[in-house]
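A look at the structure
Spelled out, the chains give:
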Amino acid sequence: MPNFHTKTLKPLQYPCTYKETTFTYEARSKRGNTLVMASTQGEQVLIRIQQKEDGVLLVKGDKVTRPTQASFLQKVLIDFRDASEAEEIFSNIEPKKFLHVKHSPYLKEIEFFANHFDAKREIWVEVGFGSGRHLLHQAKKNPHIQFIGLEIHKPSIEQVLKQCELQNIDNILVIDYDARLFMEFLPSNVVGRIFVHFPVPWDKKPHRRVFSAAFIEEALRVLHVNATLELRTDSPLYFEFTFSQMMQLSKADVHVKKNAELEITSKYEDRWRKMEKDIYDVILTNEIEAAPIPKLGRLHFDDGVDFAKIRDAFKDELLRGEGFFVHFEELFEIDEKSGLIRLSFGANERNERCFIQIQEGKVSYLPETILATKSNFSAHTLIKEWFHGICD
Ligand SMILES: C[S@@+](CC[C@H](N)C(=O)[O-])C[C@H]1O[C@@H](n2cnc3c(N)ncnc32)[C@H](O)[C@@H]1O
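Cut-offs used in this document
- Residues numbered from 1 in each chain as written.
- Predicted model: local features only at pLDDT ≥ 70, side-chain atom pairs only at ≥ 80, totals over all residues.
- Heavy atoms only, no water.
- Helix = DSSP H or I, 4+ residues; strand = E, 2+ residues; numbered from the N terminus.
- Buried < 20%, exposed > 50% of the residue type's maximum accessible area, 1.4 Å probe, protein only.
- Contact = heavy atoms within 4.5 Å.
- Areas by Shrake-Rupley, 256 points an atom, 1.4 Å probe, with all protein chains shown as cover.
- Lys, Arg positive; Asp, Glu negative; His and termini not counted.
- Charge placed at Lys NZ, Arg CZ, Asp CG, Glu CD.
- Polar contact = N/O pair within 3.5 Å; in protein donor to acceptor, adjacent residues only side chain to side chain.
- Salt bridge = Lys/Arg side-chain N within 4 Å of Asp/Glu carboxyl O.
- Disulfide = S-S within 2.5 Å.
- UniProt positions renumbered as here; feature names shortened; annotations may be inferred.
- Patch = residues over 30% accessible without salt bridge, like charges linked within 9 Å, V, L, I, M, F, W, Y side chains within 5 Å.
- Domains from an automatic or database assignment.
- Buried area = accessible area lost by both parts, 1.4 Å probe.
- Pairing = 2+ DSSP bridges.
- Axes fitted to C-alpha atoms, helices over the stretch in contact; angles between N-to-C directions.
- Near = heavy atom within 4 Å.
- Nonpolar A, V, L, I, M, F, W, Y, C, P; charged D, E, K, R; others polar.

**Some words on the overall build of the protein**
- Within the protein, the secondary structure is distributed over 10 helices and 20 strands.
- Referenced to the eigenvectors of the C-alpha coordinate spread, the extents of the protein come out at roughly 70 × 50 × 40 Å.
- Looking at the protein residue by residue over its 392 residues, the buried ones come to 50%.
- Contacts in the protein between residues at least 24 apart in sequence constitute 67% of all its contacts with a sequence separation of at least 6.
- Accessible surface, the protein as shown: approximately 20400 Å² in total, 51% of it carbon and sulfur.
- Across the protein, the 53 positively charged side chains and the 58 negatively charged ones have centroids separated by 4 Å.

Spelled out as structure tokens, the structure:
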């Protein structure tokens, strides 16, 4: 992440503009950290100034506001450095130092699936596509199918997008998102096949596996009748675990194969075969048409709150619910009536890091794009109760 270190920053008068960047306000926390709200070319960026033990200030972009291009963050930091006449001790904010996943029309953000994705043709999903050999092979062989590739490893994403470009493959959408939570974003009965090939076995921490009762339930909802959820693994423990999860369904059509050949083998499969390991397939066929679900909206607050009351009651606090949590991390004050709360919340597997902005009593999330997934909604309800507990 771009950042610079300095011993001094000249205070700015807010709001002010320097070159193409506008600095709107500054907010301070009791821990001695500062946030500066900046915007450039229509993008909002929060700058975080952290007081280090040796008196040095670390200035960087806050992770919560992610501009669409890393270069915007660099620009804002350069303008802030110059506007506040900072003398850098260390810096890596000059352009061209950061590599990021290349822009591609096939790389999508979760917002796309929440608000714009229209399932016009049958969808096949591959979870954790890795080198992408299987995904690319299937996409070339089935041009009438819309593929969605889920992966959390950036170099693998980069590699598959490059192959799509080189091989003119236009029926794969790629998303950097945890597969355990992704299915919630798909409509019911639109998917023909879900491939989970050689998932990380997590033999010592089975709760981290992609497969769980909740994952199977969501997978069955998105699969159309006669469509399949397919696990391929070299781990006997993963195989037994998945099979027993499927056997807990009240009715299930499950097929099991050992050492079946596929048309294409992945890098992992090649490795296990060389080691003469057994390979297991577990294939669950969906037999039930699921009810449609509404599109996921965004979370928002209807009621106002009193910032001074919240500020006086605030402490670093962790609240837990079933499968979700809310962590109120730090409160920043802009003035008597306005401030920001930095928090993380949502599913235990994948949480949102964001701010709650309170300005003249009005409450909103920053960024505004927090989606009402099941876990986020439960956490949001807990946040509202917490506000009511303090303000009522
Ligand atoms: C062992 S590799 C297998 C890759 C590929 N399927 C193959 O057969 O070669 C597992 C892959 O799953 C990805 N992965 C792990 N957990 C994931 C999750 N929760 N959601 C999406 N992808 C995940 C990893 O980044 C990794 O690329």
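From this point, things continue past the structure.
**A closer look at the side chain of Thr 242**
- By the secondary structure assignment, Thr 242 is in helix 7 (residues 236-247).
- Take Thr 242: its relative accessible area is 0%, and that puts it in the buried class.
- Among the polar contacts listed, one links the side chain of Thr 242 to the backbone oxygen of Tyr 238, at a separation of 2.8 Å.
- Filtering out sequence-adjacent residues up to four positions away, Thr 242 remains in contact with Phe 211 and Leu 231.

**Focus: the pattern of salt bridges**
- Summed over all chains, the structure comprises 31 salt bridges.
- Beyond isolated ion pairs, a larger network of salt bridges with shared partners links Arg 31, Arg 48, Asp 62, Asp 316, Glu 329, Glu 330, Arg 342 and Arg 353.

**Examining the state of the cysteines**
- One pass over the structure, following the stated rule, counts zero disulfides.
- Lacking any disulfide linkage, Cys 391 is separated from the closest cysteine sulfur, that of Cys 354, by 18 Å.

**Brief notes about the UniProt feature "binding site: substrate" (unreviewed entry) in the protein**
- In the numbering adopted here, UniProt assigns the feature "binding site: substrate" (unreviewed entry) to Lys 204 and Asp 234.
- With respect to the helices and strands, the residue Lys 204 is situated in the loop between strand 12 (191-197) and helix 6 (213-222).
- Within the secondary structure layout, Asp 234 lies in the loop between strand 13 (223-233) and helix 7.
- Taking the relative accessible area as the measure of exposure, Asp 234 reaches 9% and is therefore buried.
- Excluding residues that lie within four positions of it along the chain, Asp 234 makes contacts with Phe 198, Trp 272, Lys 277, Asp 278 and Tyr 280.
- In this structure the side chain of Asp 234 is engaged in a polar contact, spanning 3.0 Å, whose partner is the side chain of Trp 272.

**Considering a nonpolar patch on the surface**
- A cluster of nonpolar side chains, Phe 243, Met 247 and Val 256, forms an exposed patch at the surface whose accessible area comes to about 240 Å².
- Within the secondary structure, Met 247 is located in helix 7.

**As for the domain arrangement of the protein**
- We note that the domain assignment places domain 1 (3-91), domain 2 (107-285) and domain 3 (307-391) within the protein.
- Here domain 2 packs against domain 3, burying approximately 820 Å² in sum over the two surfaces, 63% of which is carbon and sulfur.
- Among the residues domain 2 hides against domain 3, the three largest losses belong to Glu 111, Leu 181 and Glu 184. Together they make up 50% of the total.
- On the surface where domain 2 and domain 3 come into contact, there are one salt bridge.
- Our enumeration of links across domain 2 and domain 3 arrives at two residue pairs in polar contact (both at pLDDT 80 or more).

**Overview of the environment of Lys 10**
- Assignment of secondary structure puts Lys 10 in the loop between strand 1 (3-6) and strand 2 (16-18).
- Measuring from C-alpha to C-alpha, the distance between Lys 10 and Arg 81 comes to 9.4 Å, with 71 residues separating the pair along the chain.
- In this structure, Lys 10 is in contact with Ala 83, Ser 84 and Glu 85, ignoring residues within four places of it in sequence.

**So, the sheet that holds strand 10 (residues 146-151)**
- One open sheet accounts for eight strands, arranged 8-11-10-9-12-13-15-14; its pairing is mixed. The strands lining the two open edges of the sheet, one partner per strand, are strand 8 (107-108) and strand 14 (253-258).
- By the bridge criterion, six bridges tie strand 12 to strand 13 in an arrangement that is parallel. The residue of strand 13 that forms the bridge with Val 191 is Leu 223.
- On the sheet, helix 4 (residues 154-166) packs against strand 8, strand 10 and strand 11 (172-176) and is oriented at approximately 165° with respect to strand 11.
- Against the sheet, helix 6 engages strand 9 (123-127), strand 12, strand 13 and strand 15 (280-285), with an angle of about 140° to strand 13.

**Topic: the site of the ligand**
- Taken together, 14 residues are adjacent to the ligand, and Gly 128, Glu 151, Asp 178, His 197 and Ser 266 come closest.
- Between the ligand and Gly 128, the relevant distance is 2.8 Å, taken from a nitrogen atom to a main-chain nitrogen or oxygen of the residue.
- Contact between the ligand and Ala 179: a nitrogen atom at 2.9 Å from a main-chain N or O atom of the residue.
- When the ligand is considered free in solution it has 600 Å² of accessible area, and contact with the protein chains removes 88% of it.
- Looking at the shell around the ligand, its residues break down into seven nonpolar, five polar and two charged.

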